[in-house]
Structures are given as structure tokens and as C-alpha cells.
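# Overview (structure and organization)
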Amino acid sequence: MKKQAKKEPSKNNIKNRKNIKNSKDSKTSATSHSSAKNVAVTGVFIALAMVFSYIETFIPINVGVPGVKLGLANIVTIVVLHKLGVGRAVLVSLIRIVLSAMLFGNITVMLYSLAGAMVSLLVMTLLCKLKFFSIAGVSIAGGVAHNMGQLVLAMIMLADQHVLYYAPVLIISGTIAGIVTGILAVAITYRVNIDK
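Residues numbered from 1 in each chain as written. Predicted model: local features only at pLDDT ≥ 70, side-chain atom pairs only at ≥ 80, totals over all residues. Heavy atoms only, no water.

Within this structure, the stated rule accounts for 2 aromatic pairs. Geometrically, the ring pair formed by Y54 and F58 is edge-to-face, given 5.0 Å between the ring centres and 85° between the ring planes. Residue classification places Y54 among the partly exposed residues on the basis of a relative accessible area of 42%. (Phe/Tyr/Trp six-rings, centres within 6.5 Å; stacked < 30°, edge-to-face > 60°. Buried < 20%, exposed > 50% of the residue type's maximum accessible area, 1.4 Å probe, protein only.)

So this is what it looks like as C-alpha cells:
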């Protein structure tokens, strides 16, 4: 018996394989382009947060209570939180705090900033998920939460509950700072068009 000749692949099969390969290549290219874009956008926001942190060092606020400041870098955090999500907001905030402490502060400043930022981000994230508060409202809550996070850390590190006497001043200052940063964050958020 004669052996059956091997069937040569049809032109359609060859065309389909090429299409599949081209599709995979385009997906890989799109993924790498998207990753590069994400890194670039995150880098821009980190740089902006660093600039705001630097500007804030020239704005003296003397109210007799340590830790009172405008929190201009929080504007960037709020914008990133609303535009790019929680993960990116945490990343931008962490890198900004570490770099700012290395350039403008010290390890103690970094610890207090981390405590405030993490509590603030947690509160703002929860409020964003509820979708009940405006961006300005979220900012105010974040400002107050930031100060409370720092106050609790101070109480733990100093082993002194008397620091709680600063709470009313820190709540008021956090509210004022939240209003200022919230208004600016609203203006920026609605003017920036970025895909997650």
C-alpha cells in the first residue's frame, strides 16, 4: 500500500498562524507601552509631590504646636488616588516621604510622615469607596487623619499621654489644611485626564 502523502498546510492555516502571531506581538507591545506609560506618569507625580514638599519648607507656620503644616504634597496624593487608584497613591506617597526625609529631614521626620500618610490614605480610601463625600470632603478628612496619625505615634514614642492636649489644635489645623488642599485638588483632578 502506498503511504499517504503528508498534507501541506493550507494557505488559510498559514495566514491564521501569522495573524495569531501578529496579534500576540501587538498585545506584548501594547502591554510594554502601557507599563512604560504607568512608570512615566507615576514618576511625574512623585516629582510634583517632591516639589510641593520643597515649597512647603519655605512656608513657616508657627502656632506653638509641632506638626502643623499645609500638607501641599497631599494635593498630589488626592489626585493620584482619584485618577490612578489606591496602589499608585500609596506608592507615590511612600517614595515622596522617603526622598523628602533624606533631602529635607531625618529619620524621625520620616516616621511621623509615614504614620500620618498611612492613616490619611486609609481614611481617604474608605471615604472614596463610600462615594458619599466630595473630593474636598475627602481631603479634609485626610488632613485631620494625617495629624491624628502623627499624634498617636508621638504618644507612643514619647510614652506621654499629655500630647493629646494638642488634639484640638491639630484637628482645626488639619481641617483648614484639608480645605486648602481639597480646593486645589478638585481644580487639578477635573483638569487632568489620565487613564488608570
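With that settled, consider the packing of helix α5 (residues 135-158) against helix α6 (residues 167-189). Contact geometry of α5 with α6 gives a least axis separation of 7 Å together with a crossing angle of 140°. Once α5 is placed against α6, the crossing between them reads as right-handed. Looking at side-chain class alone, the contact of α5 with α6 contains 12 nonpolar, 10 polar and no charged residues. (Axes fitted to C-alpha atoms, helices over the stretch in contact; angles between N-to-C directions. Helix = DSSP H or I, 4+ residues; strand = E, 2+ residues; numbered from the N terminus. Left-handed = near helix turned anticlockwise from the far one by under 90°. Nonpolar A, V, L, I, M, F, W, Y, C, P; charged D, E, K, R; others polar.)

With that settled, the discussion passes to the side chain of N74. Here N74 is to be found in helix α2 (residues 73-84). Once you skip the residues sitting within four places of it in the chain, N74 turns out to touch S120, M124, S139 and T181. (Contact = heavy atoms within 4.5 Å.)

For the rest of this paragraph, the subject is the side chain of S100. Looking at the element boundaries, S100 is found in helix α3 (residues 86-104). The class for S100 is buried, based on a relative accessible area of 10%. At a separation of 2.8 Å, a polar atom in the side chain of S100 contacts the main-chain carbonyl oxygen of R96. Setting aside residues up to four positions removed in sequence, S100 forms contacts with M50, S53 and G105. (Polar contact = N/O pair within 3.5 Å; in protein donor to acceptor, adjacent residues only side chain to side chain.)

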